[in-house]
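An overview of the molecular structure
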Amino acid sequence: MTPSFDLQHIISCVSGYDPNALRVDAALAVIQASMQPVQANERLAVRAALGRVLAQDIISPIDVPAHDNSAMDGYALRGADLAAQGDTVLSIAGRGLAGHAFSGEAPAGSAVRIMTGAVMPAGCDTVVPQEFCRVEGDQVIFPPGLVRPGDNRRLRGEDLARGKAALPAGKLLRPADLGLMASLGMAEVSVRRKLRVAFFSSGDELRSVGQPLDPGCVYDSNRYTLWGMLERLGCEVIDLGVVADNPQAVEAALRTATECADVVITSGGVSVGEADYLRSTLANMGEVVFWRIAMRPGRPLAFGQLRAGAHSAWLFGLPGNPVAVMVTFYAFVRPALLHCMGASPQPQPMLRAVSAQTLRKKPGRTEYQRGLLTALPDGRWQVSAIGNQGSGVLSSMSQAHGLIVLHHEQSTAQAGDLVDVLLFDGLV
Ligand code: AMP
Ligand code: MG
């Protein structure tokens, strides 16, 4: 990662910058302007590249399909032989199957029995589907008005033409892309290397799974939600455990993280007035800003760059509350990591749903409420906010279908108003 980084300069370019009431979009703008994508690539077998970021444009080396072929089971013919009036009657010259082409040229006035995917016989440009046809002896007969010249034929190169861009660099590879590369005969592909992301939790009250739960303590759940979100993004995840509230432990953990990762994520200990050492150690180890974001949940957020010897790493200091961790991750860390992974920016689609109830809100901050979707009889979606919206209530995050986003300028949404919902699940 680049050592030349001037956070103060980037911040000075953001209009209306106020670290104590920073808009979500302004924070995101600082983050995106600061971080550069990883440059190194690796070559992988096509299947291993699922979920990875394509490093170079892929230019199609062949035409797909490689030849004109039939889109239907039926009879291939010359469009010029379609009768102007009345039934078309053609003699059957032979047959062509997928993988077993009809050889030679179909004489004028003849048709070739053909199956889907079979190469179009020389001379033929049209296919009449078999359900329209009747066969009498060695003739095929079908009524007028069902096909026009050129119908039911797939053209050579209509999917991908040789020499044309098939996939752009920066694409996050999905199942269709793997199939597309296979259709070009590719066995391997160049992708950006995985982003290495290290995280740890901070707080003396935290216990790890497997330890007894002492009085006043909670199990550390953030390392599990973070792990899941990072795995889903295709990062190399480094879990550094729970770090106690003492300066040596915190500094050692930050040092290790900076040495081994591109990005370091901490949770807990970034609020004002915390009785711990994370804030001060972060401030000493690099260029870090502490923000209060105009959002709910998830107000405190630290961002910057840490240094340890010759190493540097980007830092996200997330709040400790389990829901706040997830919401700030989705709002800031996820888009930032995608950018660092080299992925081209993608719009985040949102569902417009009818609010089932009044959602109180003041303009001047972005609010994220956990929502449940139901389909209305008229085909629209309705969303209702889950009862307990406490920022520690992880069960509501688990139940929710997505986050109702009440944007910065928005005020109270009334029951029946349309609101935006960020969905947790996608098709691929
Ligand atoms: P903090 O941001 O450190 O003030 O923490 C806010 C709240 O989140 C406190 O109730 C913490 O106990 C809780 N918390 C902090 N870290 C974690 C974690 N890793 N897992 C579960 N709860 C946490
Ligand atoms: Mg704490």
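It should be noted that the structure appears before, not after, this text.
This text gives an overview of the structure that appears in the document.

Calculation rules
- Residues numbered from 1 in each chain as written.
- Chains lettered and ligands numbered in written order.
- Predicted model: local features only at pLDDT ≥ 70, side-chain atom pairs only at ≥ 80, totals over all residues.
- Heavy atoms only, no water.
- Phe/Tyr/Trp six-rings, centres within 6.5 Å; stacked < 30°, edge-to-face > 60°.
- Helix = DSSP H or I, 4+ residues; strand = E, 2+ residues; numbered from the N terminus.
- Buried < 20%, exposed > 50% of the residue type's maximum accessible area, 1.4 Å probe, protein only.
- Lys NZ or Arg CZ within 6 Å of the ring centre and 35° of its normal.
- Axes fitted to C-alpha atoms, helices over the stretch in contact; angles between N-to-C directions.
- Parallel < 35°, antiparallel > 145°, perpendicular 65-115°, else oblique.
- Left-handed = near helix turned anticlockwise from the far one by under 90°.
- Contact = heavy atoms within 4.5 Å.

Attention now goes to the packing of aromatic side chains. One pass over the full model with this rule turns up 5 aromatic pairs. Here W291 and F303 contribute two aromatic rings whose centre-to-centre distance is 6.0 Å and whose plane-to-plane angle is 20°, an arrangement assigned as stacked. Of the two residues, W291 sits in strand β18 (residues 286-292) while F303 sits in strand β20 (residues 300-308), which places them 12 residues apart along the sequence. In terms of burial, W291 and F303 fall into one category: buried. Between the aromatic rings of F303 and W314, the centroid separation amounts to 6.3 Å while the plane-to-plane angle is 0°, which identifies the pairing as stacked. Of this pair, F303 sits in strand β20 while W314 is found in strand β21 (residues 311-318), placing the two residues 11 residues apart along the sequence. Accessibility classification places F303 together with W314 in one group, the buried group. Counting every residue linked through ring pairs, the aromatic cluster contains W291, F303, W314 and F316. When the ring centre of F290 is taken as reference, the NZ or CZ atom of R279 above it lies at 4.4 Å.

To characterise two packed helices, one gives the angle between the axes of the helices and the distance between these axes. Running from amino to carboxyl end, helix α2 (residues 24-34) crosses helix α7 (residues 322-340) at an angle of 30°, the nearest separation of the two axes being 10 Å. Here α2 is positioned roughly parallel relative to α7, judged by the angle of their axes. α7 is crossed by α2, and the crossing has right-handed handedness. For the pair α2 and α7, contact is made by V24, A27, L28, I31 and Q32 and by A331, F332, P335, A336 and H339, respectively.

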